[in-house]
Amino acid sequence: MIEGMDRTPLTRDFFDRPVLEVAPDLLGRTLVRATPEGPIELRLTEVEAYAGEVDPGSHAFRGRTARNSVMFGPPGHAYVYFTYGMWHCLNLVCGPEGRASGVLLRAGDIQVGAELTRERRASARNDKELAKGPARLATALGIDRALNGTDAIAHPGAQLSVLHGTPPPDDQVRNGPRTGVGGDGATHPWRFWIDGDPTVSPYRAHVPRRRAT
């Protein structure tokens, strides 16, 4: 745990802002995951913003569906989706209710409960790899679709919450294109990370899938 970390919970007002304000402001915040085995705390080091129906890279670009309905709900809730038939990814909904947007949590540094995450991430070569990438982060924290729609504003019995943490200085925040996003949303510089942090995942450009012949 970082010495002097501010444990004040973030309020719903924090998330009830435009996604491009919330996303970089989440860097350095502490995500708390309550599990039956004990708490896990992670300092966020990398995120991506998705702006809903105006963003070709967003799941909500073509409107509301059963899959993405949480993104249209109140800010401060978790949107969890399943991808590639094997991985879960965790997002935090932001902006006003009825207008879909969210922040994908891409990477973080485990501060508390590393022993619990090592059991789930046995392939990690060291602790800096435990949550280095969105699927690894979700796996390390035991995130699955059962948590889709969970309120991540601190309350009694909360499974997820976000504390003020230790935001980095502005000159340590970087931004660039989102990882793996193609089409019209490929060049949006909406990925944000803490410069030089070893838990940040490597950037990978979108690679179009080839159709089977």
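Quick note: structure is the one above.
Residues numbered from 1 in each chain as written. Predicted model: local features only at pLDDT ≥ 70, side-chain atom pairs only at ≥ 80, totals over all residues. Heavy atoms only, no water.

**Describing the pairing of strand S9 (residues 191-194)**
With burial as the criterion, each face of S9 is covered, one bearing Arg 191 and Trp 193 and the other bearing Phe 192 and Ile 194. In terms of strand pairing, strand S3 (residues 38-50) meets S9 through three bridges, oriented antiparallel. Within the sheet, the bridge partner assigned to Val 47 lies in S9 and is Phe 192. With four bridges connecting them, strand S8 (residues 173-176) and S9 associate as antiparallel partners. (Buried < 20%, exposed > 50% of the residue type's maximum accessible area, 1.4 Å probe, protein only. Helix = DSSP H or I, 4+ residues; strand = E, 2+ residues; numbered from the N terminus. Pairing = 2+ DSSP bridges.)

**Let's talk about the layout of surface pockets**
Roughly 1,200 Å³ of internal volume is contained in the largest pocket. Lining the largest pocket are 40 residues, with Thr 83, Tyr 84, Arg 106, Pro 134 and Thr 179 positioned closest to its centre. Of all the secondary structure elements, the ones that give two or more residues to the lining of the largest pocket are S3, strand S4 (78-83), strand S5 (87-93), strand S6 (102-112) and helix H4 (134-141). In terms of residue count, H4 provides more of the lining of the largest pocket than any other element does, four residues in total. Broken down by class, the residue content of the lining of the largest pocket amounts to 15 nonpolar, 16 polar and nine charged. In this structure, the second largest pocket encloses a volume near 230 Å³. (1 Å grid on protein atoms, 1.4 Å probe; cavity = no way out; pocket = protein on both sides within 12 Å on 5 of 7 lines; lining within 4 Å. Points joined across faces, edges and corners; volume = space filled by probe spheres on them. Nonpolar A, V, L, I, M, F, W, Y, C, P; charged D, E, K, R; others polar.)

**Digging into a nonpolar patch on the surface**
A cluster of nonpolar side chains, contributed by Tyr 84, Met 86 and Trp 87, occupies part of the molecular surface with about 380 Å² of accessible area. Mapped onto the elements of the fold, Met 86 is located in the loop between S4 and S5. (Patch = residues over 30% accessible without salt bridge, like charges linked within 9 Å, V, L, I, M, F, W, Y side chains within 5 Å. Areas by Shrake-Rupley, 256 points an atom, 1.4 Å probe, with all protein chains shown as cover. Salt bridge = Lys/Arg side-chain N within 4 Å of Asp/Glu carboxyl O.)

**Let's talk about the nonpolar core**
Ranked by internal contacts, the top residues of the largest apolar core, which has 40 residues, are Phe 15, Leu 26, Leu 90, Val 103 and Leu 105. Counting residues per element, this core draws most heavily on S3, which supplies five residues. Leaving out residues up to four positions away in the same chain, Leu 105 has contacts with Leu 26, Leu 31, Leu 44, Glu 46, Val 47, Leu 90, Leu 92, Pro 134 and Leu 137. In terms of nonpolar packing, the next biggest core, distinct from the first, is built from twelve residues, Ala 60, Val 70, Leu 104 and Val 181 among them. (Core = buried A, V, L, I, M, F, W, Y, C linked by side-chain atoms within 4.5 Å. Contact = heavy atoms within 4.5 Å.)

**Let's talk about H4**
Three- or four-residue spacings in an α-helix give side chains the same orientation, since the helix completes a turn every 3.6 residues. For H4, a buried count of six out of eight residues is recorded, marking the element as mostly surrounded by other parts of the structure. Taken as a whole, H4 has its buried residues at Pro 134, Ala 135, Leu 137, Ala 138, Ala 140 and Leu 141. Its buried side turned inward, H4 meets strand S2 (30-35), S3, S5, S6 and helix H3 (114-120).

**Section: the pattern of salt bridges**
Evaluation of the coordinates by the stated rule reveals 13 salt bridges. Notably, a salt bridge pairs Arg 191 with Glu 46, separated by 2.7 Å at the nearest N-O pair. Here Glu 46 lies in strand S3 and Arg 191 lies in strand S9, a separation of 145 residues in the sequence. Across the pair, Glu 46 and Arg 191 agree in class, each one buried. For Asp 195, the salt bridge goes to Arg 174, with nearest N and O atoms at 3.3 Å.

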